[in-house]
2 protein chains.
Amino acid sequence: MATDFTEEGAADAVIESFAATPDERLRTILGSLVRHLHAAVREVEPSIAEWEQAIEFLTATGQKCTDVRQEFILLSDVLGISMLVETINERGAAGATQSTVLGPFHMTRSPVRALGDTIDLVGESEPCVVTGQVVGTDGAPLAGAVLDVWQANDHGAYDVQEPGKQPAGNGRGLFTTDDQGRFWFRTIVPSYYPIPTDGPVGDLLAATRRHPYRPAHIHFIVSADGYQPLTTHIFVAGTEYIDSDAVFAVKKSLITEFKEVDDPELAARYQVSNPFRLADIQIALAPAS
Amino acid sequence: MATDFTEEGAADAVIESFAATPDERLRTILGSLVRHLHAAVREVEPSIAEWEQAIEFLTATGQKCTDVRQEFILLSDVLGISMLVETINERGAAGATQSTVLGPFHMTRSPVRALGDTIDLVGESEPCVVTGQVVGTDGAPLAGAVLDVWQANDHGAYDVQEPGKQPAGNGRGLFTTDDQGRFWFRTIVPSYYPIPTDGPVGDLLAATRRHPYRPAHIHFIVSADGYQPLTTHIFVAGTEYIDSDAVFAVKKSLITEFKEVDDPELAARYQVSNPFRLADIQIALAPAS
């Protein structure tokens, strides 16, 4: 008995070859991937030269990866796969603040800071105050919740990208909410910035005339005992590229006004110069299931 | 105006991001891939940990590649993608001998040999004679057609896999048909063999309880002026794994009897010891379009 390869029977034959996979979940995943990949190939009908180009692209993407560069995550990001996976995984968190991608710059441990501290270790730009409250989806304030915060500076660079130029820990802080679930800290308004373009993903963006920019945002990971941790951003309302984030991470509910405030008394209370910018946010966590 | 990421709108948003791609073919390919990849992700609903495993697998696959090892082609092979692409591309060749995968061992230039020469440079195994004729799809003999032939030995190893052990060029030959389109050469019957298993693709086969073996075969690339070149194998009828080729390359029309012959006169004519094995094939090429 010999098999006989045909276009029509190919996907079934490959899926059948995985029939003895002991891990049922792996078998399901491979079956779905094979079905959809074969469908794409049959739809596109690639030439041999196009298939070779695809092999070369995937190989170069793998070979661009190092300890500090993950080109396959970048590829997943620019194809919207990362956001799709992230969003599927937040389905259980009804009523909670929406999540978005972690991104590649959560690389170092954020310094522990006290409420009201600044995460801007340079002090040359217009000050910004971020205030807010962490609550449960039932509205109850969450005292002792931990916020891990990181952001780019006003030139769009993270500290880890400019080791000699920015002090380590610039733009980063680990804060704990007070007994009312409240938090506040000082910073500067971050800038939009490009994702790395010196690899195969950059070549893909160039060939498709896509820009590499992400709209301005501040990253948060928020956690509290008994609640699902939340990975998200707040996006700066009015930032460039809010309608065309290179990694598709914008959810409208995460866009936050960074108001211009001219109020010497309030500035003094937050220990910033006047005028300043102020963003106030509420972060709701879903109970752990 | 800000975008708003949703599971339902994600594929459309990504496809829209490629709208300005100048190369229409690239835009079509990316659109189809994004549509089917997103469909697979929405069907599978991977956890974050599963997505991370996928990223790690693809990265390791890229990093396993070297000048002499192409792990992404191997992945394409074991998922049946290589055969699907190959078969789609032979559609224009109605009436021609069927094609199959090139495989990874066509790495060196085959030595030019005269009709009747042996490609077995070791001479320790039962001899085999391969005879045949190259014709057009109209049946006309093709004089001066070139056959590039390569095969594993009777232990399932190609010369390039055993550089110290097999002479270079063992199992390889470049033959030109006579004025009747005929060819004949001496060799040994090849063995089945495993594809390389010491990389991520080997791990995938192990995790899914798939064996890595390919049924015994001889490779051919056949070309003639004015005709489409053909990349194919002949499979040894009765070989193990003919019903479960690890790379799905078997087409029934390519299975060939390697007959046991006991005929001292015929053996003398082919300059082999008696008894011997004999495979006779007809190879039909389609006109160039």
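Quick caveat, the model's predicted, so the values are computed rather than measured. (Residues numbered from 1 in each chain as written. Chains lettered and ligands numbered in written order. Predicted model: local features only at pLDDT ≥ 70, side-chain atom pairs only at ≥ 80, totals over all residues. Heavy atoms only, no water.)

1. Here's the deal with the packing of helix 3 (residues 48–63) of chain A against helix 3 (residues 48–64) of chain B
Packed helix pairs are specified by the crossing angle of their axes together with the interaxial distance, meaning the distance between the axes.
Inference 1: Here helix 3 of chain A crosses helix 3 of chain B at 100°, and the two axes come no closer than 7 Å. As summarised for this structure, helix 3 of chain A and helix 3 of chain B are arranged roughly perpendicular, according to the angle between their axes. Of the residues in helix 3 of chain B, those touching helix 3 of chain A at Thr59, Gly62 and Gln63 of chain A are Thr59, Gly62 and Gln63 of chain B.
Inference 2: Across the contact of helix 3 of chain A with helix 3 of chain B, the residue classes break down as no nonpolar, six polar and no charged. (Axes fitted to C-alpha atoms, helices over the stretch in contact; angles between N-to-C directions. Helix = DSSP H or I, 4+ residues; strand = E, 2+ residues; numbered from the N terminus. Parallel < 35°, antiparallel > 145°, perpendicular 65-115°, else oblique. Contact = heavy atoms within 4.5 Å. Nonpolar A, V, L, I, M, F, W, Y, C, P; charged D, E, K, R; others polar.)

2. Brief notes about the nonpolar core
Inference 1: In terms of nonpolar packing, the biggest core is built from 66 residues, with Val78 of chain A together with Val78 of chain B touching the most fellow members.
Inference 2: Filtering out sequence-adjacent residues up to four positions away, Val78 of chain B remains in contact with Val14 of chain A together with Ile195, Val201, Leu204, Leu205, Arg210, Ala246 and Phe248 of chain B. (Core = buried A, V, L, I, M, F, W, Y, C linked by side-chain atoms within 4.5 Å. Buried < 20%, exposed > 50% of the residue type's maximum accessible area, 1.4 Å probe, protein only.)

3. Some remarks on the interface of chain B and chain A
Inference 1: Opposite the 71 residues of chain B that make contact, chain A presents 71 residues.
Inference 2: Taken together, the two surfaces of chain B and chain A that pack against each other cover about 6900 Å², and 67% of this comes from carbon and sulfur.
Inference 3: At the surface where chain B touches chain A, the tally comes to six salt bridges.
Inference 4: Across the salt bridge formed by Arg91 of chain A and Glu7 of chain B, the nearest N and O atoms sit 2.5 Å from each other.
Inference 5: Going through the elements one at a time, helix 1 (10–17), helix 2 (24–44), helix 3, helix 4 (71–78), helix 5 (81–88) and helix 6 (200–207) of chain B are the ones with two or more residues in the side of chain B that touches chain A.
Inference 6: Considering each element in turn, the side of chain B that touches chain A owes the most residues, 16 residues, to helix 2 of chain B.
Inference 7: Here the side of chain B that touches chain A is built from residues that sort into 40 nonpolar, 17 polar and 14 charged. (Buried area = accessible area lost by both parts, 1.4 Å probe. Salt bridge = Lys/Arg side-chain N within 4 Å of Asp/Glu carboxyl O.)

4. Here's the deal with the relation of the copies chain B and chain A
Inference 1: The two copies are related by a screw motion: chain B maps onto chain A through a turn of 180° and a shift of 0.0 Å along the axis, at an RMSD of 0.1 Å. Expressed as a symmetry operation, the mapping of one chain copy onto the other fits a two-fold axis. Closest approach to the rotation axis among the C-alpha atoms of chain B is made by Gly62 of chain B, whose C-alpha sits 2.1 Å away.
Inference 2: The overlap is high: 100% of the interface residues of chain B also sit at the interface in chain A, so the same surface is used on both sides. (Least-squares fit on C-alpha atoms with pLDDT ≥ 70 in both.)

5. A few points about the domain arrangement of chain A
Inference 1: Taken domain by domain, chain A consists of domain 1 (1–45) and domain 2 (75–285).
Inference 2: Computed over C-alpha atoms only, the centres of domain 1 of chain A and domain 2 of chain A are separated by 42 Å. (Domains from an automatic or database assignment.)

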